[in-house]
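# Working through the structure, step by step
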Amino acid sequence: MDFSEYSIQIIHTNQSPQGAYIASPNFSQYGYCWFRDGSFIAAAMARAGNMESAEKFFRWGFQIIAGQKSRIEKLLATSNDFITHNDLLPTRYNLDGTLTSDDWPNGQSDGYGTFLWAVEKYAPQDLIDENRGLIELLSKYLIKVWRIPCYDVWEENPGGIHTSTLFSIAAGLRAAEKILHRETGWIEIMSFIEKELMECNRLKKSTLSSDVDASLIWGAVPFELFPIDNPVMVNTVKSIENRLYVNGGVKRYSTDTYFGGGSWILLSATLAQYYVRSGELEKAKIIKKWIESHFNDKGLPEQVPEYLIDSAKYPEWVELWGEIARPLLWSHANYLELLLDLEGKV
Ligand code: BGC
């Protein structure tokens with residue numbers, strides 16, 4: 001099996017005619033398109049040479065943001081004292097762009113930052129020019145809301161400010177700065193991280209937790225807010241290695257109990273990219289092999305239920321929502337990114 005082509009095919013097959021990428025086509029709760037997953041997927045597709053697919057997603061995203069214009073404008077006119085995560089833009093939409101009616105947590109701001117990051121990096125210039133007004137509006141929105149506690153990238157802990165959420169926003173605002181040629185304040189976010197979200201010279205998960213979270217790697221890969229060899233990043237990755245890495249796979253954080261707390265493909269791929277970029281190729285190859293051992297005819301899962309943190313929780317989740325999502329498009333996207341890193345493609 002050519003895992004790379006297979007991954008691209010799975011992503012293509014599961015992109016809606018409007019451009020949305022479904023998170024997972026056959027998992028009861030993932031029949032939506034997330035700005036977070038979608039932006040990472042579009043970035044990987046573009047980098048792997050599938051520009052048409054990425055562009056379709058970007059157009060889908062801009063259409064949604066256009067539809068949210070009055071909500072954003074209202075928010076911009078409101079004092080931060082009166083804004084909570086309930087007022088933030090939705091994190092996921094139906095594939096046709098309409099609002100979802102599920103009762104899942106919604107207020108998360110990272111996906112819109114990741115969207116701007118992916119647009120600046122991969123969208124064609126004419127698409128960027130056409131949507132300059134919306135890019136301006138979205139960056140004002142992110143400047144306004146980054147201090148507002150919201151759900152984290154795993155849709156948990158709504159009372160905190162989360163480091164990887166801030167990375168996504170800072171990367172998006174830095175991207176907007178390049179497009180708009182004016183300051184967007186992303187440096188202030190990085191200073192906040194350095195002041196409030198570090199401990200023992202490494203990053204911590206959030207204002208609520210000193211634990212590490214594997215999404216902290218995003219500071220270096222893919223967002224490149226820190227150089228690979230920055231001591232803070234090096235120490236953070238060491239902690240992730242010690243606390244969250246087991247035999248090829250990476251956990252989200254040390255107390256994760258979602259499906260028992262298995263090892264996540266998409267995070268393992270990102271850790272492996274970090275290793276490629278830090279010159280630790282052997283470590284990267286072990287992870288690549290681990291990921292490839294988990295392909296089957298349905299593709300890659302979200303997580304692998306091994307070395308579970310709380311094995312009693314696994315059957316409870318299966319009973320509630322069914323088997324672990326497979327294929328998860330974001331897993332395929334990050335696997336593609338790893339392959340491109342290994343091939344030395346920029
Ligand atoms: C994860 C999110 C992800 C969503 C869809 C959730 O379980 O926590 O990060 O966006 O699944 O893949």
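Now for a look at the structure at hand. (Residues numbered from 1 in each chain as written. Predicted model: local features only at pLDDT ≥ 70, side-chain atom pairs only at ≥ 80, totals over all residues. Heavy atoms only, no water.)

### Let's talk about the overall build of the protein chain
- Within the protein chain, the regular secondary structure consists of 14 helices and eight strands.
- Relative to the compact-globule value of 20 Å for 346 residues, the protein chain shows a C-alpha radius of gyration of 19 Å, a close match.
- Dimensions along the principal axes, computed over C-alpha positions, put the protein chain at roughly 50 × 45 × 40 Å.
- The long-range fraction of contacts in the protein chain, counting pairs at least 24 apart against all pairs at least 6 apart in sequence, stands at 72%.
- Averaging the locations of the 33 positively and 45 negatively charged side chains of the protein chain gives two centres separated by 3 Å. (Helix = DSSP H or I, 4+ residues; strand = E, 2+ residues; numbered from the N terminus. Rg over C-alpha atoms; globule rule 2.2 N^0.38 Å. Contact = heavy atoms within 4.5 Å. Lys, Arg positive; Asp, Glu negative; His and termini not counted. Charge placed at Lys NZ, Arg CZ, Asp CG, Glu CD.)

### Focus: the site of the ligand
- Taken together, 13 residues lie around the ligand, and Tyr30, Arg36, Asp37, Val153 and Trp154 are the ones closest in.
- Residue Arg36 places a side-chain N or O atom 3.2 Å away from an oxygen atom belonging to the ligand.
- Within the backbone of Val153, a nitrogen or oxygen atom sits 2.6 Å from an oxygen atom of the ligand.
- Across the shell around the ligand, the residue classes break down as eight nonpolar, no polar and five charged. (Near = heavy atom within 4 Å. Polar contact = N/O pair within 3.5 Å; in protein donor to acceptor, adjacent residues only side chain to side chain. Nonpolar A, V, L, I, M, F, W, Y, C, P; charged D, E, K, R; others polar.)

### So, the packing of helix 12 (residues 281-292) against helix 14 (residues 329-342)
- Running from amino to carboxyl end, helix 12 crosses helix 14 at an angle of 145°, the nearest separation of the two axes being 11 Å. Once helix 12 is placed against helix 14, the crossing between them reads as left-handed. Mapping the contact onto sequence places Leu281, Lys288, Ile291 and Glu292 in helix 12 and Tyr335, Leu338, Leu339 and Leu342 in helix 14.
- Residue classes in the contact of helix 12 with helix 14 are distributed as six nonpolar, no polar and two charged. (Axes fitted to C-alpha atoms, helices over the stretch in contact; angles between N-to-C directions. Left-handed = near helix turned anticlockwise from the far one by under 90°.)

### Description of unusual backbone geometry
- Omega for the bond connecting Val221 with Pro222 falls within 30 degrees of zero, at 10°, which places this linkage in the cis form.
- Relative to the assigned elements, Pro222 resides in the loop between strand 4 (202-203) and helix 10 (231-244).
- With an omega of 0°, the peptide bond between Arg326 and Pro327 qualifies as cis.
- Inspection of the secondary structure puts Pro327 in the loop between helix 13 (313-321) and helix 14.
- Unusually for a residue other than glycine, His181 sits at a positive phi of about 55°.
- Here His181 lies in the loop between helix 8 (163-180) and helix 9 (186-196).
- For Glu224, which is not glycine, the phi torsion reads 55° and is therefore positive.
- Along the chain, Glu224 turns up in the loop between strand 4 and helix 10.
- For Glu224, a relative accessible area of 45% puts it in the partly exposed group. (Buried < 20%, exposed > 50% of the residue type's maximum accessible area, 1.4 Å probe, protein only.)

### So, helix 10
- Taking 1.5 Å as the rise per residue, helix 10 with 14 residues should run 20 Å; its terminal C-alpha atoms sit 19 Å apart, in good agreement.
- Three or more residues of helix 10 are buried, namely Val232, Met233, Thr236, Val237, Ser239, Ile240 and Leu244. The arc enclosing the buried residues of helix 10, seen along the axis, measures out at 160°, which places them on a common side. Away from its buried face, by an angle of more than 90 degrees, helix 10 presents the exposed residues Pro231 and Asn242.
- The elements touched by buried residues of helix 10 are strand 3 (198-199), strand 4, strand 5 (245-246), strand 6 (249-250) and helix 11 (265-277).
- Sitting at the head of helix 10, Asn230 places a side-chain oxygen 2.8 Å from the backbone nitrogen of Val232. (Expected span 1.5 Å × (residues − 1). Arc of directions from axis to C-beta.)

### Examining the packing of aromatic side chains
- As enumerated under the stated definition, the model contains 42 aromatic pairs in all.
- Aromatic side chains Phe57 and Phe115 sit 6.0 Å apart centroid to centroid with 70° between the ring planes, which places their arrangement in the edge-to-face category. With Phe57 in helix 3 (residues 51-67) and Phe115 in helix 5 (residues 110-122), the pair connects residues that are 58 residues apart, well separated along the chain. Of the two residues, Phe57 and Phe115, both sit in the buried class.
- With a centroid separation of 5.4 Å and an interplanar angle of 70°, the aromatic rings of Phe295 and Tyr335 are classed as edge-to-face. Taken together, the residues Phe295 in the loop between helix 12 and strand 8 (303-304) and Tyr335 in helix 14 connect sequence positions 40 residues apart.
- Here the basic side chain of Arg174 rests over the ring of Trp186, its NZ or CZ set 5.5 Å away from the ring centre.
- Between Lys205 and the ring centre of Tyr253, over which it is positioned, the NZ or CZ distance is 3.8 Å. (Phe/Tyr/Trp six-rings, centres within 6.5 Å; stacked < 30°, edge-to-face > 60°. Lys NZ or Arg CZ within 6 Å of the ring centre and 35° of its normal.)

### Observations regarding the packing of helix 1 (residues 3-13) against helix 14
- For the pair helix 1 and helix 14, the least separation of the axes is 9 Å and the interaxial angle reads 140°. Helix-helix and strand crossings are classified by hand; for helix 1 and helix 14 the assignment is left-handed. Between helix 1 and helix 14, the residues in contact are Phe3, Ser4, Ser7, Ile8, Ile10 and Ile11 and Leu329, His332, Ala333, Tyr335, Leu336 and Leu339, respectively.
- In the contact of helix 1 with helix 14, the residues fall into nine nonpolar, three polar and no charged.

It is worth stressing that arrangement in space is one thing and function is another; only the former is reported here.
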